[in-house]
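Now for the letters of each chain:
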Amino acid sequence: MQETRNGDAMKTGIASIGIQFPPLAMPVEDLARLRGEDPNKYTVGLGCKEMALCPSDYGVVELAVQAARRAIERWGGSLDDIGLIAVGTETSVDMSRPLSAWVASELGIKGAIRSYEVKHACYGGTLALRQAVEWRLSGAARGKSALVIASDVSLYAQGDPGEPTQGAGAVAMIVGEPLIAEIDPISYAYSEPAFDFWRPVGHDYPLVEGPLSLECYQRATSECFSALIGDNDPEEFLRGFAALCFHVPFPKMVKKAVQRLGESFGWDEATTRFFFEEKVDPTMSWNRRCGNAYTAALWISVAQTLKGLREGERITAFSYGSGFGAELLVLRAGPLAKRGEWANDVEGDFKRRSQIDAKAYAELRA
Ligand code: COA
């Protein structure tokens, strides 16, 4: 497959997207009743709506494989054109064997391919994507494309405050010709070591310092956006973007980060509200239907947002992973963004999935 060129700058980006959600879901109000909480705490306080859930025989592998299958089918390229498979996840099924090996096995991919898993909490999918983009830009890809997957199942201990934020989902992207979106070669990273959210080896569920994770996320947001904006006027600069997508652990966390950004820019309340309501809140509709899909959460928001964009319109994508690391990317819509064919996957999955009640949820968790 030939690279495209614009002057000296080689362009690369997303050529195809496939998304997969699991076959079960439950409204957070049902969980609230089960836990004796006011449903408004989950819906208004956290901004959550539904949790996507996996049956006992279904998980991160099935999500990743199906998302990849959908991305490849829609792409229409040959498996021989893939030179790299990278899977970002924090739901690893093995300490040694990468999740990419399960995907390659199911899809029948082998040969002169670099295949691996990337771990950095919810940031792993973005790191996999960045590595694929930089592999293409370096020339090492020799014209081949990459299959990048972000796949996760987020579950907390029963009764944990994070339980209503649970979710699952996978996004697969073919990184090659920028037909859906061009990814800017320059991105804005920021990291600091912290124990805000972690899962020690052998633990089934993560340990969370909730307030610290909120603080780290907000600091990372400010640092990355300041680096992107530089000496420009923040309001004028950010108005130039069609939307601002964020990693979505739960929608209130994103809202708080935008409020913090507004404060750091010296915006009044109305300006901050405008940016949140016009440029951020609409990007989280699918996230509200699936809950926190960890590495996939940002790319679910990006995929939803790209659909319908005119060629050339730009968006930002803010990735955050506990521990912590963050990166802000700029994407420019390509000619296939407007059609947004991958939305069919999402609408189909949401329509077909079964809504379970609190009793079935309790049985599933048992
Ligand atoms: N009606 C409306 N809102 C209510 C409410 C009610 N009855 N009861 C509480 N709330 C609001 C609170 O005011 C608060 O909103 P605010 O932060 O804007 O003030 C919100 O609901 C959450 O309440 P809080 O008491 O802080 O919840 P909690 O102590 O149970 O914590 C989490 C819940 C999810 C915030 C916390 O567990 C957490 O941070 N979890 C994980 C964080 C994470 O996912 N990190 C990943 C790293 S990216």
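Structure report, in brief.

1. Let's talk about the side chain of serine 222
- For serine 222, the location among the structural elements is in helix 6 (residues 210–229).
- Judged by its relative accessible area of 13%, serine 222 is buried.
- Contacts of serine 222, omitting those with residues within four sequence positions, involve Arg260, Leu261 and Ser264.

2. Considerations on the site of the ligand
- In the region of the ligand, 21 residues are neighbours, and Asp38, Lys41, Gly45, Lys252 and Lys256 sit closest.
- Measuring from a nitrogen atom of the ligand, one finds a side-chain N or O atom of aspartate 38 at 2.8 Å.
- Measuring from an oxygen atom of the ligand, one finds a side-chain N or O atom of lysine 256 at 2.7 Å.
- Calculation on the ligand without its partners gives an accessible area of 960 Å², and the protein chains cover 66% of this total.
- Residue composition of the shell around the ligand, grouped by class: 10 nonpolar, 7 polar and 4 charged.

3. Focus: the nonpolar core
- Membership of the largest hydrophobic core comes to 46 residues, with the highest contact counts inside it found for Ile17, Trp299 and Leu331.
- The next biggest cluster of nonpolar side chains, apart from the first, holds 43 residues, and it includes Cys224, Phe225, Leu261 and Met284.

4. What about helix 1 (residues 28–35)?
- Every buried residue belonging to helix 1 is among Val28, Asp30, Leu31 and Ala32, and all of these are buried.
- In this fold, the buried residues of helix 1 make contact with strand 4 (24–27), helix 2 (39–45), strand 5 (50–53) and helix 13 (358–365).
- Within two residues after helix 1, glycine 36 carries a phi angle of roughly 70°, on the positive side.

5. Some words on unusual backbone geometry
- Of the consecutive residues glycine 323 and phenylalanine 324, the connecting peptide bond is found in the cis state with omega at -15°.
- Residue placement: phenylalanine 324 occurs in the loop between strand 15 (314–321) and strand 16 (325–333).
- With a phi angle near 45°, alanine 121 is a residue other than glycine that sits in the positive phi range.
- Examined against the element boundaries, alanine 121 turns out to sit in the loop between strand 7 (114–118) and helix 5 (124–138).
- Here alanine 121 falls in the buried class, since its relative accessible area comes to 12%.
- Backbone geometry places tyrosine 294, a non-glycine residue, at a positive phi of 45°.
- Position of tyrosine 294 relative to the elements: it lies in the loop between helix 10 (285–290) and helix 11 (297–306).

6. Description of the sheet that holds strand 4
- Here 3 strands make up an open sheet; going across it, the order is 5-4-17 and the pairing mixed. Each having just a single partner strand, strand 5 and strand 17 (354–355) make up the two edges of the open sheet.
- Note that strand 4 and strand 17 share 2 bridges and pair parallel. Bridge pairing in strand 17 places alanine 25 opposite glutamine 355.
- The sheet strands contacting helix 1 are strand 4 and strand 5, and the helix crosses strand 4 at an angle near 65°.

7. Looking at the environment of serine 78
- Along the polypeptide, serine 78 turns up in the loop between helix 3 (60–75) and strand 6 (82–88).
- Linking serine 78 and methionine 253, residues 175 residues apart in sequence, is a C-alpha distance of 40 Å.
- Engagement of the side chain of serine 78 in a polar contact is seen with the backbone nitrogen of aspartate 80, the distance being 2.9 Å.

Rules behind the numbers
- Residues numbered from 1 in each chain as written.
- Predicted model: local features only at pLDDT ≥ 70, side-chain atom pairs only at ≥ 80, totals over all residues.
- Heavy atoms only, no water.
- Helix = DSSP H or I, 4+ residues; strand = E, 2+ residues; numbered from the N terminus.
- Buried < 20%, exposed > 50% of the residue type's maximum accessible area, 1.4 Å probe, protein only.
- Contact = heavy atoms within 4.5 Å.
- Near = heavy atom within 4 Å.
- Polar contact = N/O pair within 3.5 Å; in protein donor to acceptor, adjacent residues only side chain to side chain.
- Areas by Shrake-Rupley, 256 points an atom, 1.4 Å probe, with all protein chains shown as cover.
- Nonpolar A, V, L, I, M, F, W, Y, C, P; charged D, E, K, R; others polar.
- Core = buried A, V, L, I, M, F, W, Y, C linked by side-chain atoms within 4.5 Å.
- Pairing = 2+ DSSP bridges.
- Axes fitted to C-alpha atoms, helices over the stretch in contact; angles between N-to-C directions.

Interpretation note: all reported values are geometric properties and have no functional meaning in isolation.
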